[in-house]
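# Structural overview
If you want the building blocks of each chain, they are given just below.
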Amino acid sequence: MAGGQGPYTFPPLNALRMFESSARHLNFRIASEELGVTQGAVAQQVRALEKHLNTRLFDRRARGLELTEAGRRYLKPLQSALSLISDATAELKPAKTVVTISVTPSFAAKWLIPRLGKFSDSNAETEVQVLATNGLANFQSDGVDLAVRQTKPPFGSGLTGDLLFPMRFIAVCSPAIAAAGPIRTAADARVHLRPHHSSVRSRPCGRRRSDPSPIRQQCAQDQTRAYVSLKTLGFGK
């Protein structure tokens, strides 16, 4: 019925969607991949639509599909109608709240991302964007809403901080060292261990001699592991 008063008579929406996708790609297989169904299901729905309309919409050729004249005339207004339905539906759906979180790459991989699925299930209205970087957020020009870093107060003006969890440090050693005697204090550790850290052999920071440009080479790798100075264990005196 014209004039937008209804009631409306039209074929099943599934058949219309499958015809539109098939007509756009001129290929049942690609349409099936786009819609997440089997190729046979797409072909069956298109045949059902042609039967409903009593009109052939495609010519099946060896090289693929080709729209008939009726199919071409049907496609354009159908696409406009499907677009209107999509737009009207999108306007009714509440807009998602987007939250951008800045974290180090290893924290994102080891802690945050494994927990995002559960958070999304219970907070469907919130979209979380993860910015995995070693750089510090400035919260002004980078669009970051939250940042997770190992730090301590005071924070910058206008910023607030909450403790996510306390750090816990655990000393580990090989079974051979453990068998030689218990290590319960720093003095016990001095008997068995000599200080060593892999960063001792790191390449130097700063300007390369062969390159006069002021480009600093980044030496530190992101390990996101708290490092306690060996001096706290009595070394380096």
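In case you missed it, the structure is sitting above this.
Our subject in this report is the structure included herewith. Since this is a predicted model, take the numbers as computed values, not measurements.

Summed over all chains, the structure comprises five aromatic pairs. Between Phe-19 and Phe-58, the aromatic rings sit 5.5 Å apart at their centres with planes inclined by 55°, giving tilted as the arrangement. Of this pair, Phe-19 sits in helix α1 (residues 13–25) while Phe-58 is found in strand β1 (residues 58–61), placing the two residues 39 residues apart along the sequence. Phe-58 carries the same exposure label as Phe-19, and that label is buried. For Phe-58, a relative accessible area of 0% translates into the label buried.

Across seven bridges, strand β3 (residues 97–103) lies against strand β4 (residues 126–132) in parallel orientation. Residue pairing in the sheet places Val-103 in a bridge with Ala-132 of β4. For the handedness criterion, the β-α-β arrangement of β3, helix α5 (residues 105–122) and β4 is classed as right-handed.

With that settled, consider the sheet that holds strand β5 (residues 146–147). Working definition: the strands of a sheet are paired by backbone hydrogen bonds and lie parallel or antiparallel to each other. An order of β4-β3-β5 is seen for the three strands of this open sheet, with the pairing classed as parallel. Strand pairing shows two members of the sheet lacking a second neighbour, β4 and β5, which therefore form its edges. When β3 meets β5, the two strands line up parallel, connected through two bridges. Bridging across to β5, Ile-101 finds its partner in Leu-146.

Parameters and conventions
- Residues numbered from 1 in each chain as written.
- Predicted model: local features only at pLDDT ≥ 70, side-chain atom pairs only at ≥ 80, totals over all residues.
- Heavy atoms only, no water.
- Phe/Tyr/Trp six-rings, centres within 6.5 Å; stacked < 30°, edge-to-face > 60°.
- Helix = DSSP H or I, 4+ residues; strand = E, 2+ residues; numbered from the N terminus.
- Buried < 20%, exposed > 50% of the residue type's maximum accessible area, 1.4 Å probe, protein only.
- Pairing = 2+ DSSP bridges.
- Right-handed = clockwise from strand over helix to strand, strands pointing away.

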